[in-house]
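# Inside the fold
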Amino acid sequence: MQQATHIYRNGTILTMDSRCSIVSCLAVSGETILAVGSEAEVAPFQGPETRIVDLGGRFMMPGFYDCHSHFMRAGMYNKYYLDVNSHPIGDVRTHGDIRRKVREALSGMPAGEWLLCAGYDDTAVAEERHFTLAELDAMAPDHPLFLRHISGHLALCNSKAFEAAGITDETLNPSGGVFRHDGNGRLTGLVEEPAAMEMVLAASPQMTEEKWLGAVERATDDYVAKGVTTAHDGGVTTAMWKNYMTAHKRGMLKNRVQLLPKHGWFDFSLAPTVQCGTPLTKDGLLSMGAVKLFQDGSLQGYTGYLSNPYHSLPDAISDGSWRGYPIYNPRELVNIVTRYHEEGWQVAIHGNGDAGIEDILNAFEEAQKAYPRANARHIIIHCQTVREDQLDRIERLGVVPSFFTVHTYYWGDRHRDIFLGKARASRIDPLRSALKRGIPFTSHNDTSVTPMDPLLSVWSAVNRLTGSGKVLGEDQTVSVLDALKSVTIWGAYQFHEERMKGSLEPGKLADMVILGENPLEIAPERIRDIPILATLVGNRLVYGSL
């Protein structure tokens, strides 16, 4: 019988197996789990050199599986951009707070240098509006200024930034992006969607290899501190892919990362496989993910694509029938998805509005009709305003919805009062509706949009409390156990990794997290406050202590 290198005993260990068994002992050999069960069941695996770790009754479970985020860019924004996040993420509450932060950052900075900022949110400040171009120019008269919206789908740019990028009032909108103009045809400073944002950023100082590696270093520290053992990078470019390989060679990764190539931005000749979940490195720290696309933007930025108009509209959008817009026309999306599906790829598409989700489902269905393939597990990322009839199609097509569950906390009040109205807002991220159909949904933080915190996702799924403490859609709450599944075993299932990750069972990787309290026993409102005591990746302690 193979002997264990480590035995963890005297714990409360939630295995997340098919029965969600709770045991007291777990045996590991190297990076792999040998056995789980009682003291008597695990004892035969103990040898003279086995290290015994007494958990002292502490709670152990599978390491958290980040079901959608932007790992490297999260590190980049946290490390290199000026933080202008609003409460509760940051301390910004007014335009004046942003002006102060920008003024302090520009102090002593040579004229002409760019100032890049992240986390700006027009609806979370007292003014409840965007800065005007004149205000942006006054804020930074001698420097190109770029304020990245928290949604990731908008930005504000001052005149210096537009000048540096060669963008004028006459510049045509790129496909899938918009430069907003006022009634006189002049730029307002508002830039929508990555296609347009990247045209501006192309003139800013570019990320070097060392800066990208610094971003990886920051991200891996942030993620393991929250118990994340597998992270995702939903939209990897060619340059990012190469820097991941360099970071791995230098031993900089503490957690595992699955890489999702970004359609239109990635050299697919670099991909050694199309099979999601396939290890890209011998140690399994990097693995292949799905192809990532966008079909709409953000409801917070009025670029999410809805079938019915937004509840309330800013003055800049005078048309009361505004529903947002798609990135691709329906036929183009079908053609793109069908090509990847035919080649054997899993496809993950960002869709917030129900009209965008409809386009995505149509594309998945047509691709399957043209090239039937079992167990494709195509993904709708965010799936925020999915309708009941669309959930029926999701079940029939075997699509996995990955919900941005913390929407209810960070934007729930504004979805109810501004963007969607009460009826639609109460149904955002409809977890229980998915569960009733037996759909294995997942939950994510979409970091860098919101900070990485899987326990906050669990708390949101169970309580659905808004930032003001009000319940938003109580009939869409789920149990603590199902919420935990959405950041462990169902996450691994989503990306074809359930054979090696997501639960603590013999033969699987020893990716584990130890919590300060048992989330199944404490008051549900306290789940978000449970401390992370230790994170282990392949049985290697990467955060905390044992």
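All values reported here derive from a predicted model rather than from experimental measurement.

## Some thoughts on the overall build of the protein chain
Along its length, the protein chain carries 18 helices and 25 strands. In summary, the protein chain has a C-alpha radius of gyration of 23 Å against a globular reference of 24 Å for 546 residues, a match within 12%. With respect to the three principal axes, the spread of C-alpha positions in the protein chain is 80 × 55 × 50 Å. Relative to its full complement of 546 residues, the protein chain shows a buried share of 61%. Partitioning the contacts of the protein chain with sequence separation of at least 6, the portion at a separation of at least 24 is 71%. Total accessible area on the protein chain stands at roughly 20,400 Å², and carbon and sulfur atoms take up 48% of it.

## Here's the deal with the domain arrangement of the protein chain
Buried accessible area, meaning the area lost when the parts come together, often serves as the stated size of an interface. On domain assignment, one finds that the protein chain holds domain 1 (6-57) and domain 2 (73-202). Between domain 1 and domain 2, the C-alpha centre-to-centre distance is 51 Å.

## Considerations on the pairing of strand S11 (residues 145-149)
A regular strand carries its side chains on alternate faces of the sheet. The element S11 is extensively covered by neighbouring structure, given that five of its five residues are classed as buried. Neither face of S11 is left uncovered, since the one carrying Leu-145, Leu-147 and His-149 and the one carrying Phe-146 and Arg-148 both have all their residues buried. By the bridge criterion, five bridges tie strand S10 (residues 115-120) to S11 in an arrangement that is parallel. Looking at the pairing, Leu-115 lines up with Leu-145 of S11. Regarding topology, helix H4 (residues 133-139) serves as the crossover connection from S10 to the parallel S11, and that connection is right-handed. Relative to strand S12 (residues 154-157), S11 runs antiparallel, the two being bridged by three bridges.

## As for the pairing of strand S7 (residues 59-62)
Inspection of the sheet shows strand S2 (residues 12-14) paired to S7 by two bridges, in the parallel sense. Looking across to S7, one finds that Ile-13 is bridged to Met-60. Looking at chain direction, S7 and strand S23 (residues 512-515) are connected through four bridges and run antiparallel. Along S23, the bridge assignment pairs Phe-59 with Leu-515.

## Overview of the sheet that holds S7
Strand order in the open sheet made by the six strands is S3-S2-S7-S23-S24-S25, with mixed pairing throughout. Two strands close off the open sheet at either side, each with one partner strand: strand S3 (22-23) and strand S25 (540-544).

## What to know about the environment of Asp-17
Mapping Asp-17 onto the fold places it in the loop between S2 and S3. Here Asp-17 falls in the buried class, since its relative accessible area comes to 13%. The spatial distance from the C-alpha of Asp-17 to the C-alpha of Ile-418 is 42 Å, given a sequence separation of 401 residues. Excluding anything up to four places from it in sequence, Asp-17 contacts Ser-503 and Glu-505.

## A closer look at the layout of surface pockets
Taken as a whole, the largest pocket holds about 1,000 Å³ of empty space. Contributing to the lining of the largest pocket are 49 residues, with Arg-73, Met-76, Tyr-77, Glu-198 and Leu-201 lying nearest its centre. Counting residues per element, the ones that place at least two in the lining of the largest pocket are helix H2 (71-80), S10, S11, helix H6 (193-201), helix H7 (209-224), strand S15 (228-236), helix H8 (238-249) and strand S18 (291-294).

## Notes on the pattern of salt bridges
Inspection of the entire model under this criterion finds 31 salt bridges. One salt bridge in this structure joins Lys-101 and Asp-91, with 3.2 Å as the shortest N-O distance. Of the two residues, Lys-101 is situated in helix H3 (residues 95-106) and Asp-91 in the loop between strand S9 (82-83) and H3; the sequence distance between them amounts to ten residues. A residue is classified by how much of its surface remains accessible, and Lys-101, at 15% relative accessible area, is buried. Here Asp-91 falls in the partly exposed class, since its relative accessible area comes to 48%.

## Some details on the side chain of Thr-385
Residue position: Thr-385 is located in the loop between strand S20 (379-382) and helix H11 (388-397). Taking relative accessible area as the criterion, Thr-385 reaches 10% and is therefore assigned buried. Engagement of the side chain of Thr-385 in a polar contact is seen with the backbone nitrogen of Asp-354, the distance being 2.9 Å. If we skip the residues at most four places from it in the chain, Thr-385 touches Leu-299, Leu-306, Asn-352, Gly-353, Asp-354, Ile-357, Gln-390, Leu-420 and Ile-428.

## Some remarks on the environment of Pro-454
One can find Pro-454 in helix H16 (residues 454-463). A relative accessible area of 3% places Pro-454 in the buried class. For the pair Pro-454 and Phe-64, spaced 390 residues apart in sequence, the C-alpha separation works out to 6.8 Å. Ignoring anything within four residues of it in the chain, the contact list for Pro-454 reads Phe-64, Lys-226, Val-228, Asn-445 and Val-487.

## Some points on the packing of aromatic side chains
Summed over the entire model, instances satisfying the criterion amount to 17 aromatic pairs. Geometrically, the ring pair formed by Phe-266 and Phe-268 is edge-to-face, given 5.1 Å between the ring centres and 90° between the ring planes. When its relative accessible area of 24% is taken as the criterion, Phe-268 is described as partly exposed. Taken together, a centroid distance of 6.1 Å and an interplanar angle of 75° make the contact between Trp-322 and Tyr-325 edge-to-face. Neither residue differs from the other here; Trp-322 and Tyr-325 are each classed as buried. One aromatic cluster is present, formed by Trp-241, Phe-266, Phe-268, Tyr-340 and Trp-345 through successive ring pairs. Looking at Lys-211, its charged tip hangs above the ring of Tyr-80, at a distance of 5.6 Å from the centre.

## Focus on the sheet that holds strand S14 (residues 187-192)
What the six strands build is an open sheet, ordered S9-S10-S11-S12-S14-S13; its pairing is mixed. For this open sheet the edge positions go to S9 and strand S13 (178-181), each flanked by a neighbour on one side alone. Docked against the sheet, H6 engages S10, S11, S12, S13 and S14, running at close to 120° with respect to S14.

## What to know about the side chain of His-415
Among the structural elements, His-415 can be located in helix H13 (residues 412-419). Note on His-415: relative accessible area 0%, which makes it buried. Those residues in contact with His-415 that sit more than four places away from it in its chain are Leu-299, Gln-300, Gln-384, His-407, Leu-420, Gly-421, Ala-425 and Ile-428.

Cut-offs used in this document
- Residues numbered from 1 in each chain as written.
- Predicted model: local features only at pLDDT ≥ 70, side-chain atom pairs only at ≥ 80, totals over all residues.
- Heavy atoms only, no water.
- Helix = DSSP H or I, 4+ residues; strand = E, 2+ residues; numbered from the N terminus.
- Rg over C-alpha atoms; globule rule 2.2 N^0.38 Å.
- Buried < 20%, exposed > 50% of the residue type's maximum accessible area, 1.4 Å probe, protein only.
- Contact = heavy atoms within 4.5 Å.
- Areas by Shrake-Rupley, 256 points an atom, 1.4 Å probe, with all protein chains shown as cover.
- Domains from an automatic or database assignment.
- Pairing = 2+ DSSP bridges.
- Right-handed = clockwise from strand over helix to strand, strands pointing away.
- 1 Å grid on protein atoms, 1.4 Å probe; cavity = no way out; pocket = protein on both sides within 12 Å on 5 of 7 lines; lining within 4 Å.
- Points joined across faces, edges and corners; volume = space filled by probe spheres on them.
- Salt bridge = Lys/Arg side-chain N within 4 Å of Asp/Glu carboxyl O.
- Polar contact = N/O pair within 3.5 Å; in protein donor to acceptor, adjacent residues only side chain to side chain.
- Phe/Tyr/Trp six-rings, centres within 6.5 Å; stacked < 30°, edge-to-face > 60°.
- Lys NZ or Arg CZ within 6 Å of the ring centre and 35° of its normal.
- Axes fitted to C-alpha atoms, helices over the stretch in contact; angles between N-to-C directions.

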